[in-house]
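# Breakdown of the fold
Here is how the chains run, residue by residue.
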Amino acid sequence: MPRFTIRERLDVFEPRRLIRSAAAEVGFRHSCCLELAIVVSELCSNILKYGVEGSIEFDKLVDRHNGVGLEILASDVGPPFKNLELALRDGHDDRGPIDPGSMLKRGGLGTGLGAVVRLTDAFAVQYGVGMKTISVKRYIARPRASTATRK
Amino acid sequence: MTTNDELEQVRERVAEALLLLSSVEFGDTSVQLRVDVKSRHPLEAAFNSINELIMAFAAENEQSNAFRRELEGHLEVIEKQRAAIQELSTPIIELWEGVLCLPVVGVLDTVRSTEMTGVLLQAIVDQKARYAIIDITGIEVMDTRTVDHFMRMARAVRLLGAECALTGINPHIAQTVVQMGLDLTDIVTHRSLRDALSYYVSAHS
């Protein structure tokens, strides 16, 4: 399982590039590979924005019910989510709604995790000592329909 | 008393040597010990090898300085490339007088689309542009929220007194826009960047 340390914006390019080839190898369609690149990108942005620093890992996944897919783990040393449900809601972070006027300054729309949820099939957060790990899974045959645009 | 004198002399010379070594320690590697003791004097060999050591140290020092300069040069290049990448990820091109184009290619995430908004709106103000064309031919997949954000960006451009057109929308993104029920009343679209440009140029020539 390749592991990428995420400390600054330039660190995002490598995992984002490699997830596409990894996804293609597992058997995802081209457009799905691009969607997974968006997922990795959003997870990395989140690490940099809230988690100080962390890492991205991904690996092939074989599930008895859902078949073949890819699992992506994003760990960071940032604080736990104050309110996960809020954080996943578009236009929010884990504390509440984001002021639209501050979006340019904070460099995001507050829809990153929402996009991650939309583009994947399973989302979970595990907490460790001084760290948290977001785990997302995406299957080739999606258990539910994607709401994202697809080719 | 000769032995005492000699001993005193040796002491002086050793002190001198230590003093010189301390200046080497502070980086002055151009110094050398005087070797004017009697031939076959025990200090002669010692002083000679100290001098050799200082010279070797000077050479090493010079080399490591060269490496450091080289490394600093590399770091500078990396810094410049980083700035270039940043800039290239949101290029704004003036296609025609008063017509700006923002070509979007690659992976489009929320951070990048926010950045694009900031850069585009600022460029419209700075360059007094009348038209802005956002070309998304290079984007195959977008999250639904990002599509929504692009529509909002087009409206923000209009608020600045410029016209905004979206070009190169692929069928699947078009489908999402409609399915999401986004308001399209004030969104101008053209099939391609070329169409949009020829429209603006002919309308204002």
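Residues numbered from 1 in each chain as written. Chains lettered and ligands numbered in written order. Predicted model: local features only at pLDDT ≥ 70, side-chain atom pairs only at ≥ 80, totals over all residues. Heavy atoms only, no water.

### A word on the overall build of chain A
Put simply, the test is: For the purposes of this entry, the term helix denotes a DSSP run of H or I that reaches at least four residues, the term strand denotes a run of E that reaches at least two, and both are numbered from the N terminus. Radius of gyration: over C-alpha atoms. The globule rule applied is 2.2 Å multiplied by the number of residues raised to the 0.38 power. Buried means the residue's accessible area, taken with a 1.4 Å probe over protein chains only, is under 20% of the maximum for its type, while exposed means over 50%, and partly exposed covers the values in between. Residues are treated as being in contact if the distance between any of their heavy atoms lies within 4.5 Å. Residue burial considers only the protein chains on display, and all accessible areas are found by Shrake-Rupley using a 1.4 Å probe.
When its secondary structure is counted, chain A shows five helices and seven strands. Starting at the N terminus, the α and β elements of chain A follow one another as β-α-α-β-β-α-β-β-α-α-β-β. Here the C-alpha radius of gyration of chain A, 15 Å, is about what a compact globule of 151 residues would show, namely 15 Å. Judged by the C-alpha coordinates and their principal axes, chain A covers about 40 × 30 × 25 Å. Looking at chain A as a whole, 52% of its 151 residues qualify as buried. Taking all contacts inside chain A whose residues are at least 6 apart in sequence as the whole, residues at least 24 apart take part in 58%. Surface exposure of chain A reaches about 7,200 Å², of which carbon and sulfur atoms provide 53%.

### Focus on the sheet that holds strand β3 (residues 131-138) of chain B
Backbone hydrogen bonds are what pair the strands of a sheet, in a parallel or an antiparallel way. All names here are of chain B. Definition in use: Pairing between strands is defined by DSSP: at least two bridges between them are needed. Note on method: axes are straight lines fitted to C-alpha atoms, helices fitted across the in-contact stretch only, with angles between N-to-C directions ranging 0 to 180 degrees.
Across the sheet, which stays open at both edges, the five strands sit in the order β1-β2-β3-β4-β5 with mixed pairing between neighbours. Either end of the sheet is taken by a strand with one partner, and the two such strands are β1 (93-96) and β5 (188-190). Each neighbouring strand pair of the sheet contributes to a mean axis angle of 30°, computed without reference to strand direction. Helix α3 (residues 110-126) rests against β2 (99-105) and β3 of the sheet, and its axis sits at about 170° to β2. Its contacts with the sheet put helix α6 (residues 193-203) on β1, β2, β3, β4 (163-167) and β5, and the angle it makes with β3 is roughly 165°.

### Overview of the interface of chain B and chain A
Our working rule: In short, buried area is how much 1.4 Å probe accessible area vanishes from two parts on joining, totalled over both. By definition here, a salt bridge exists when the distance from a side-chain nitrogen of Lys or Arg to a carboxyl oxygen of Asp or Glu is within 4 Å. Any N or O atom pair separated by 3.5 Å or less is treated as a polar contact, with the protein-specific requirement of one donor-capable and one acceptor-capable atom, and with residues adjacent in sequence counted only for side-chain atom pairs.
If you look at the interface, chain B gives 25 residues, while chain A gives 31 residues. Contact with chain A buries surface across chain B, with Val107, Glu140 and Val141 of chain B losing the most and accounting together for 25% of the total. The interface formed by chain B and chain A holds three salt bridges in total. Put simply, Glu115 of chain B and Arg9 of chain A hold a salt bridge, and the shortest N to O gap is 2.4 Å. The interface formed by chain B and chain A includes seven residue pairs in polar contact (both at pLDDT 80 or more). Among the elements of the structure, α2 (42-88), α3, α4 (144-159) and α5 (171-180) of chain B are those that each provide at least two residues to the side of chain B that touches chain A.

### Some points on the nonpolar core
All names here are of chain A. Heads up, the rule is: We call a set of buried residues a nonpolar core when its members are Ala, Val, Leu, Ile, Met, Phe, Trp, Tyr or Cys and they connect through side-chain atoms within 4.5 Å of each other.
Ranked by size, the top nonpolar core spans 34 residues in total, and within it Ile19, Phe28, Leu43, Ile56, Ile72 and Ile134 carry the most contacts. Going through the elements one at a time, β1 (3-6), α1 (13-26), α2 (30-50), β2 (54-63), β3 (67-76), α5 (112-119) and β7 (131-139) are the ones with two or more residues in this core. Looking at this core, the element that brings in the most residues is α2, giving 11 residues. Contacts of Ile19, omitting those with residues within four sequence positions, involve Leu36, Ala37, Val40, Phe58, Leu70 and Ile72.

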